[in-house]
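Results of the structural survey
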Amino acid sequence: MTLNKLDADPSTLETVLGELKPDKINLILFLANNDPTTNRSWCPDCVRAEPVIYKTLEESTEEVNVIRAYAGDRPTWRNPMHPWRVDPRFKVTGVPTLVRWDGDSVKGRLEDHQAHLPNLIRPLLAPST
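My aim in this report is to walk through the structure given alongside it, one point at a time. Each residue is numbered by its place in its chain's sequence as written, counting from 1. Per-residue local features are limited, in this predicted model, to residues with pLDDT of at least 70; the limit for side-chain atom pairs, both in listing and counting, is 80 or more; totals at the level of whole chains, interfaces and linings are taken over all residues. Excluding hydrogens and water, the side-chain figures rest on all heavy atoms present in the structure.

A closer look at the pattern of salt bridges
The salt bridge criterion pairs a side-chain nitrogen of Lys or Arg with a carboxyl oxygen of Asp or Glu, the two atoms within 4 Å. According to the stated counting rule, one finds 9 salt bridges in the structure shown. Between Asp87 and Arg89 there is a salt bridge whose closest N-O contact spans 2.8 Å. Note on classification: 1.4 Å probe, protein chains only; a residue is buried when its accessible area is under 20% of the maximum for its type, exposed when over 50%, partly exposed between these limits. Judged by relative accessible area, Asp87 falls into the buried class, the value being 15%. A relative accessible area of 30% places Arg89 in the partly exposed class. With a closest N to O distance of 2.6 Å, Glu111 and Arg109 form a salt bridge. On the basis of relative accessibility, which here comes to 28%, the residue Arg109 falls in the partly exposed class.

Topic: helix α2 (residues 44-58)
One full turn of an α-helix is made of 3.6 residues, so residues set three or four places apart face in the same direction. Numbering of helices and strands runs from the N terminus, with a helix taken as a DSSP run of H or I at least four residues long and a strand as a DSSP run of E at least two residues long. Take the number of residues in a helix, subtract one, and multiply by 1.5 Å to get its expected span. Counted at 1.5 Å a residue, the expected span for α2 with its 15 residues is 21 Å, and the 22 Å between its end C-alpha atoms agrees. Here the bend at each residue means the angle between axes fitted to two seven-residue stretches, the one ending at that residue and the one beginning there. Where α2 bends most, at Glu50, the angle is about 25 degrees, and the proline Pro51 comes one to four residues later. Every buried residue of α2 is accounted for by Cys46, Ala49, Glu50, Ile53, Tyr54, Thr56 and Leu57. Here, two residues are considered to be in contact whenever any of their heavy atoms come within 4.5 Å of each other. Packing partners of the buried residues in α2 comprise β1 (3-8), β2 (25-31), β4 (40-41), β5 (64-70), β6 (97-101) and α5 (118-121).

In structure tokens:
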């Protein structure tokens, strides 16, 4: 079906969340920014997981929205007061983290060590009940 990618950062995530349609499958993929010297993510787990996640989402028979939420460079992300670390809705501890977002809360989550596994990604695509 259709995979719609939307980009956000800590200053724009709330606006992008407000644009989502609640009747669609909505995911947030918390990622590390690209390193400007290499144009690749500074996070090796993100480099490994991102293509697997997109391929798995593209296989869905449903329309899927994924917000690519870029956490910043390594020093920004390592700050214990990073907005997504302290936000009680997200409590992100590592990148990549993939969450199913249903309206106003997280309904499923894959942590950094799980986000590259298609058999764990697919259940996040199940219709909401």
